[in-house]
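The residues making up each chain are set out below.
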Amino acid sequence: MTMSDGVLGVVLAGGEGRRMWPFATVRPKASLPVANRALVRLLAERLRLAGVSRLVVVVDARGGPVRAALLDLDGVRVLEAQVRGSAQALLAAWSEAHDSPALVVPGDVLVSVGDLEQMRRAAEALDGEASVLVAPMGGEDPNRCLCVRTEGDALVEVIGHPREASERWTGVCVLSPAFRRYLEANPGLLENVPVGGMPALEPDLAASMALGLQHGATVRAIRSEGAFVDLDKPWHILQANHYEAEQLFSELKSHRVASSAWVSEAADIEGRLMVAEGAVVGPRVRIRGDVSVGAGAVVDNGAILQGQVIVGAGARVRDYCQLSDAVVGPNCVVGHGAEFSGVMFAGTYLYHYCEVVGVLGASVDIGAATVCGTLRFDDAEKLHQVGGAWERPPVGANASYIGDYSRTGVNAILMPGVKVGAYSCVGPGVVLYEDVPDRTLTLVKQELTVRPWGPEQYGW
């Protein structure tokens with residue numbers, strides 16, 4: 001595969017990420033972890049694998065985590081641009097290479113190398129003003145998405161939140177230099193919405209694409225052939241990590257154990273293992289599925305791992321805990337009797353007995369006997385309020401979502417679908433039915449009855 005010097009890769013990694021609460025409070029969405037790697041890092045490396053040699057990543061004032069994720073990746077320029085909307089951010093990135101076609105990727109989408117290769121080839125053979133990657137709805141509600149209408153291989157319409165649609169706007173596109181005029185003339189909102197629709201006042205790239213189509217631009221529709229996830233809301237973290245785990249293990253044909261790793265003969269293993277340098281899989285461990293153990297991590301003493309499990313570097317998984325279809329972040333601890341399914345970010349502790357399903361942010365401390373409910377008495381899926389609108393997620397509706405640097409006390413109970421904001425605490429014995437905002441302490445108000453007691457009242 002040859003690198004293409006004629007195509008400029010642009011990753012748009014700014015934005016507030018309000019719909020991703022509570023996981024965008026301390027970081028931009030582009031730095032969310034997917035299989036223990038920052039999403040923007042995955043995108044940059046995949047663009048390289050797809051043959052794009054020049055790459056600009058556009059951030060805003062919150063771009064520190066993106067810069068950190070790309071620190072040792074040569075040839076990537078990080079540009080801070082204080083602009084509104086993806087159309088303006090793209091113009092800022094394109095200013096120094098305006099004679100080249102641009103391959104544009106939002107920094108908050110998971111897209112496959114194969115689809116990026118499709119787009120790079122489209123850029124080199126561009127015979128119109130643009131090409132756009134379109135994806136199936138994938139269970140998403142069209143009322144909550146930007147969608148497209150195609151005729152054969154032609155894109156004919158971009159629609160904001162239609163009532164029905166079969167294909168969605170991904171934001172991944174190739175634009176010719178001639179397309180710049182539609183970016184510069186962006187109307188400041190996507191005007192093509194159904195009656196009653198309320199478009200946001202933002203100069204988005206989709207609005208420029210709609211403007212171009214209205215003025216006769218020729219735009220090719222390229223259909224996604226791989227997994228695609230727009231990490232827009234908390235449950236999309238579960239989807240993206242699930243797809244990435246599937247991809248990781250699909251390429252694993254047999255055990256892959258580093259020379260400095262150790263796998264005990266007393267471990268009970270049915271599945272395939274990837275064990276990195278210095279990692280340990282100790283005795284009495286039971287594995288039923290495919291497991292990746294990161295560098296220096298320890299899985300030991302009766303730990304049970306089932307399904308597809310990724311254990312990050314330096315993590316400790318031990319003492320009869322249970323992981324089911326889980327991604328454990330670097331330096332996490334999952335200890336005695338803890339049960340977890342979902343995704344946890346770096347440095348999180350489930351030190352002993354607890355039951356958690358969902359997403360845990362960085363350095364979350366789960367108190368002993370914390371339980372996150374997943375089933376309702378009516379067997380229904382929880383409705384979530386996102387940006388003022390109610391919706392039922394296609395996955396993870398009844399999971400719990402706990403923001404970064406938060407904690408629970410002993411015996412806390414989180415009811416299905418509850419979210420806890422960053423820097424917050426759910427105190428001992430709380431039964432939590434409602435979401436908790438960022439930077440909030442929630443405690444039980446307890447009423448006690450105190451009276452004399454002894455043999456005079458109860459003895460013989």
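Quick look at the nonpolar core
One finds V40, V57, L103, V105, L231 and I237 to be the most contacted residues of the largest nonpolar core, which totals 61 residues. Contacts of V57, omitting those with residues within four sequence positions, involve V11, A13, V40, V66, L70, V76, R77, V78 and L79. Formed by 44 residues, the second largest nonpolar core is a distinct cluster that contains A297, V299, V328 and V418.

Observations regarding empty space enclosed by the protein
Summed over all chains, the structure comprises one cavity of 30 Å³ or more. Here the largest cavity is characterised by a volume of approximately 40 Å³. Classifying every residue of the lining of the largest cavity by side-chain character gives six nonpolar, two polar and one charged.

What about unusual backbone geometry?
Residues other than glycine predominantly adopt negative phi, and peptide bonds predominantly adopt the trans conformation. Backbone torsion omega between W21 and P22 reads 15°, so that peptide bond is classified as cis. In this structure, P22 sits in the loop between β1 (4–12) and β2 (33–34).

Some thoughts on a nonpolar patch on the surface
A contiguous nonpolar patch, built from I413, V431 and Y433 and spanning about 270 Å² of accessible area, is present on the exposed surface. Structurally, Y433 is set in the loop between β35 (431–432) and β36 (441–442). Look at Y433 and you get exposed, because its relative accessible area is 53%.

Examining the pairing of strand β8 (residues 130–136)
In terms of burial, β8 is largely enclosed, as six of its seven residues are buried. Bridging between β8 and strand β11 (residues 167–175) involves six bridges; their strand directions are antiparallel. Directly across from S131, in β11, lies its bridge partner V174. Where β8 and strand β12 (residues 219–223) come together, five bridges link them in parallel fashion. Its bridge partner lying in β12, V132 is registered against A221.

Cut-offs used in this document
Residues numbered from 1 in each chain as written. Predicted model: local features only at pLDDT ≥ 70, side-chain atom pairs only at ≥ 80, totals over all residues. Heavy atoms only, no water. Core = buried A, V, L, I, M, F, W, Y, C linked by side-chain atoms within 4.5 Å. Buried < 20%, exposed > 50% of the residue type's maximum accessible area, 1.4 Å probe, protein only. Contact = heavy atoms within 4.5 Å. 1 Å grid on protein atoms, 1.4 Å probe; cavity = no way out; pocket = protein on both sides within 12 Å on 5 of 7 lines; lining within 4 Å. Points joined across faces, edges and corners; volume = space filled by probe spheres on them. Nonpolar A, V, L, I, M, F, W, Y, C, P; charged D, E, K, R; others polar. Helix = DSSP H or I, 4+ residues; strand = E, 2+ residues; numbered from the N terminus. Patch = residues over 30% accessible without salt bridge, like charges linked within 9 Å, V, L, I, M, F, W, Y side chains within 5 Å. Areas by Shrake-Rupley, 256 points an atom, 1.4 Å probe, with all protein chains shown as cover. Salt bridge = Lys/Arg side-chain N within 4 Å of Asp/Glu carboxyl O. Pairing = 2+ DSSP bridges.

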